[in-house]
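# Chains, contacts and geometry: an overview
Next come the chains, spelled out residue by residue.
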Amino acid sequence: MKYDLLTIGGATCDIIFFTDEGILIENKKDPLREKLLAFEYGAKIRVKEAYFTSGGGACNTAVCFSRLGLKVAPIIRIGNDKNSQIVLENLKKEKIDLKFVQIDKKLSTGFSFIAAIHKEKDHVAFLYRGANDNLQLPAFFPDTNWIYISSLGGNNWSNILRKSFNLKKTNPSLKIAWNPGSLQLQRGYKGLIKYLKNTDVLILNEDETTELILSFVQRMDFSLEKKSRIKKILYMAETIYQWGPNLVVITCGAKGAYVYDGKILHYSPSLKRKRLETTGAGDAFGSSFVAGLILYKNKIKKALKLAIFNSSSVISEIGAQKGLQRKREIKKEIG
């Protein structure tokens, strides 16, 4: 069987709660932590609403691809526990192939504890990776057109990354989309350059882009702060593009998103929709953009439009997957 895509990354159960008792603190002196979410020390924080959902990068992106009509299978690892059944039942419901789901006999299924404050509609996630940290690639890699790699953890993540990118040596037509996580970005330019050279679509948010640039030049050209945002984004996109990716995607939250193809900096503003909670917005955007490249024959503008629409839909619902649209719904909006 040949797949349109395989997703590699996390599988979790998410607990999302809303409270009005958090305070958002501006921290502009630190470009890597510009905003902080604070709670009173020693206080008992009242929760106004709580939700239990499925999540994890590989699962979120697999659900997105499946709803858009693509044949997909996630490569994930879960525990032998009750939470694993939540993950599996959700994937079955979405008609996703479970052939490459791994069961860990020692560690439990990963989960996220996500604190969101109503006023700002943003969140902080506390992550227990659990079985995700023991993820392995299958001994015989299935036939696929694309691999979508999201955040990886554990001591084995570098081996997973290396083996995934090595597949291109035997299958040059294979395309890789990569949305690196915090552990990967900590390696900086020197640790990631060999992978960036073989990345077809690199997906980062604005803060992650800044972090990666700073690992290369020590000090970014902050004189750009006095200029327009688009010049700053273009500077960063051009720099990273020179390292090898065919497309550099930079998301900027409510300010929209950019895609640089080496010649044109494509831009789309965000949609003005009711914003409930932002969990999974990045996964929705990245996977929708890649799906758009497949569905619309590499037309960047249409893929970007799809990514903006679907990620906007996700943040108008609670959880990382509920708002993901299906192909028939996308056709009404995008064609």
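For the structure given in this document, a descriptive report is provided here.

Parameters and conventions
Residues numbered from 1 in each chain as written. Predicted model: local features only at pLDDT ≥ 70, side-chain atom pairs only at ≥ 80, totals over all residues. Heavy atoms only, no water. Pairing = 2+ DSSP bridges. Helix = DSSP H or I, 4+ residues; strand = E, 2+ residues; numbered from the N terminus. Axes fitted to C-alpha atoms, helices over the stretch in contact; angles between N-to-C directions. Core = buried A, V, L, I, M, F, W, Y, C linked by side-chain atoms within 4.5 Å. Buried < 20%, exposed > 50% of the residue type's maximum accessible area, 1.4 Å probe, protein only. Contact = heavy atoms within 4.5 Å. Left-handed = near helix turned anticlockwise from the far one by under 90°. Nonpolar A, V, L, I, M, F, W, Y, C, P; charged D, E, K, R; others polar. Salt bridge = Lys/Arg side-chain N within 4 Å of Asp/Glu carboxyl O.

## Brief notes about the sheet that holds strand 9 (residues 122-128)
Think of a sheet as strands paired side by side through backbone hydrogen bonds, with each pair either parallel or antiparallel. Pairing is mixed across the open sheet formed by four strands, whose spatial order is 5-2-8-9. Each edge of the open sheet carries a strand with a single partner, namely strand 5 (49-55) and strand 9. If you compare each strand with its neighbour and ignore which way they point, the axes differ by 20 degrees on average. Pairing between strand 8 (residues 110-117) and strand 9: seven bridges, direction antiparallel.

## Some details on the nonpolar core
In terms of nonpolar packing, the biggest core is built from 46 residues, with Phe65, Ile76, Val87, Val201, Phe289, Val290 and Leu293 touching the most fellow members. The leading source of residues in this core is helix 9 (residues 300-314), at eight residues. Not counting residues up to four positions away in its chain, the partners in contact with phenylalanine 65 are Leu5, Thr7, Leu70, Val72, Tyr148, Ser287, Val290 and Ala291. In this structure, Ile75, Phe165, Leu174 and Ile233 belong to the second largest nonpolar core, which totals 39 residues.

## Quick word on the pairing of strand 11 (residues 175-178)
As paired strands, strand 10 (residues 143-149) and strand 11 are joined by four bridges and run parallel to one another. Considered in strand 11, the bridge of isoleucine 149 is made with tryptophan 178. Across two bridges, the pairing between strand 11 and strand 12 (residues 201-205) is parallel. Note that in strand 12 the partner of alanine 177 across the bridge is valine 201.

## What about the side chain of asparagine 60?
Checked against the element boundaries, asparagine 60 lands in helix 1 (residues 57-67). Those residues in contact with asparagine 60, other than ones at most four positions away along the chain, are Ser54, Gly55, Asp283, Ala320, Gln321 and Leu324.

## A short note on the packing of helix 9 against helix 10 (residues 327-334)
The interhelical angle for the contact between helix 9 and helix 10, taken along N-to-C directions, is 115 degrees, at an axis separation of 11 Å. Handedness of the helix 9/helix 10 crossing: right-handed. Along the contact surface, helix 9 presents Lys302, Lys305, Leu306 and Phe309, while helix 10 presents Ile330, Glu333 and Ile334. Residue classes in the contact of helix 9 with helix 10 are distributed as four nonpolar, no polar and three charged.

## Observations concerning helix 1
Counted residue by residue, helix 1 has eleven buried out of eleven residues, so it is predominantly covered. Residue glycine 69 follows helix 1 closely and has a positive phi angle near 85 degrees.

## Considerations on the sheet that holds strand 6 (residues 72-79)
Taken in spatial order, the nine strands line up as 7-6-1-10-11-12-13-14-15 in an open sheet, and their pairing is mixed. The open sheet terminates on both sides in strands that have one partner only, identified here as strand 7 (101-104) and strand 15 (265-268). Across the sheet, the mean angle separating the axes of adjacent strands is 15 degrees when strand polarity is ignored. Sheet analysis places strand 1 (residues 2-8) next to strand 10, joined by six bridges and oriented parallel. By the bridge assignment, isoleucine 8 is partnered in strand 10 with isoleucine 149. Its contacts with the sheet put helix 8 (residues 281-295) on strand 1, strand 10, strand 11, strand 12, strand 13 (247-251) and strand 14 (257-260), and the angle it makes with strand 10 is roughly 150 degrees.

## Re the pattern of salt bridges
Pairing of side chains with opposite charge becomes possible as their charged atoms draw close. As enumerated under the stated definition, the model contains eleven salt bridges in all. Where arginine 326 meets glutamate 94, a salt bridge forms, and the shortest distance between an N and an O atom there is 3.7 Å. Placement of arginine 326 in the loop between helix 9 and helix 10 and of glutamate 94 in the loop between helix 2 (82-93) and strand 7 is noted, with a sequence separation of 232 residues between them. Exposure remark for arginine 326: the relative accessible area of 30% places this residue in the partly exposed category. Glutamate 94 sits in the buried class, given a relative accessible area of 4%. One salt bridge in this structure joins aspartate 200 and lysine 168, with 2.6 Å as the shortest N-O distance. Placement of the pair is aspartate 200 in the loop between helix 5 (188-196) and strand 12 and lysine 168 in helix 3 (residues 157-170), with a sequence separation of 32 residues. Aspartate 200 sits in the buried class, given a relative accessible area of 7%.

Any link to function would need more than the numbers given here.
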